[in-house]
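One-letter residues, chain by chain:
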Amino acid sequence: MSIPKQSRFSIVALSLAALVSCGGSSQSDTTNTIAPDVDLLVSAVPAIRWDATSYQAPAGELKIAMSNMDSVKHVLVILEGDTVVGDLELVVNKKGDYDDGVITLLPGEYRIYCSIPGHGGMDSTLTVS
Ligand SMILES: [Cu+2]
């Protein structure tokens, strides 16, 4: 299950509002805040999985981000069938790491896959329309 884009942005907006309203000046650079211009967020979660079995995105130029809630390295690539699409390769080495990149996708069915050996379970569907 993926969180609809609208509500994800609302959550970010609420978090920012909360930060501002408490008057703190210690906003940290190390928080894993998702940039508001990300089109698709994929999280690696414990037991070597993605946080959803299917994702959706609009066709065109996409900014894809990966956050690591797991404790091992992951490398996200986009596959069409068994072939890597474009040159997007997102790498997170440890818990809390974040990476993002841009790829242009035509409408179709893709796979969000982790290329680390033994991580074949990290294989979710990406529907671009
Ligand atoms: Cu992995």
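One can find the structure itself at the top, above this paragraph.
Report follows, based on the coordinates. Since the structure is predicted, the reported quantities are computational estimates derived from the model, not experimental observations.

1. Thoughts on the overall build of the chain
Here's step 1: Within the chain one finds 1 helix and 10 strands.
Here's step 2: The order of α-helices and β-strands along the chain, N terminus first, is α-β-β-β-β-β-β-β-β-β-β.
Here's step 3: Residue pairs in contact within the chain that sit at least 24 positions apart in sequence constitute 64% of those at least 6 positions apart.
Here's step 4: When the accessible surface of the chain is totalled, it reaches about 7400 Å², and 56% of it is carbon and sulfur.

2. Considering the coordination of the copper ion
Here's step 1: Protein-derived coordination of the copper ion comes from His74 (ND1), Cys114 (SG), His119 (ND1) and Met122 (SD), at a distance range of 2.0 to 2.5 Å.
Here's step 2: For the copper ion, the 4 donor atoms are set out with angles of 87 to 133° between them, so the coordination reads as tetrahedral.
Here's step 3: In primary-sequence terms, the residues that donate to the copper ion follow H-x39-C-x4-H-x2-M. Across the pair, methionine 122 and cysteine 114 agree in class, each one buried.

3. A few points about the pattern of salt bridges
Here's step 1: Summed over the entire model, instances satisfying the criterion amount to 5 salt bridges.
Here's step 2: With a closest N to O distance of 2.9 Å, arginine 111 and aspartate 82 form a salt bridge. In this pair, arginine 111 is assigned in strand β9 (residues 108–114) and aspartate 82 in the loop between β5 (74–80) and β6 (83–84), connecting sequence segments 29 residues apart.
Here's step 3: For aspartate 82, a relative accessible area of 72% puts it in the exposed group.
Here's step 4: Each of the salt bridges in this network shares a partner with another, and the network as a whole consists of Asp37, Lys63 and Asp100.

4. Brief notes about the pairing of β5
Here's step 1: Among the 7 residues in β5, 6 count as buried, and that is most of the element.
Here's step 2: Strand direction decides the pairing type here: β5 and strand β7 (residues 90–92), joined by 3 bridges, are antiparallel. When the bridges of β7 are listed, valine 75 appears paired with valine 91.
Here's step 3: Pairing of β5 with β9, which is carried by 4 bridges, proceeds in the antiparallel orientation. Along β9, the bridge assignment pairs isoleucine 78 with isoleucine 112.
Here's step 4: Examined bridge by bridge, β5 and β6 share 2 bridges and lie antiparallel to one another. Opposite leucine 79, over in β6, you have valine 84 as the bridge partner.

Definitions and limits used
- Residues numbered from 1 in each chain as written.
- Predicted model: local features only at pLDDT ≥ 70, side-chain atom pairs only at ≥ 80, totals over all residues.
- Heavy atoms only, no water.
- Helix = DSSP H or I, 4+ residues; strand = E, 2+ residues; numbered from the N terminus.
- Contact = heavy atoms within 4.5 Å.
- Areas by Shrake-Rupley, 256 points an atom, 1.4 Å probe, with all protein chains shown as cover.
- Donors = N, O, S within 2.8 Å, 3.2 Å for Na, K, Ca; no water.
- Tetrahedral: all angles 85-135°; square planar, octahedral: opposite > 155°, others 65-115°.
- Buried < 20%, exposed > 50% of the residue type's maximum accessible area, 1.4 Å probe, protein only.
- Salt bridge = Lys/Arg side-chain N within 4 Å of Asp/Glu carboxyl O.
- Pairing = 2+ DSSP bridges.

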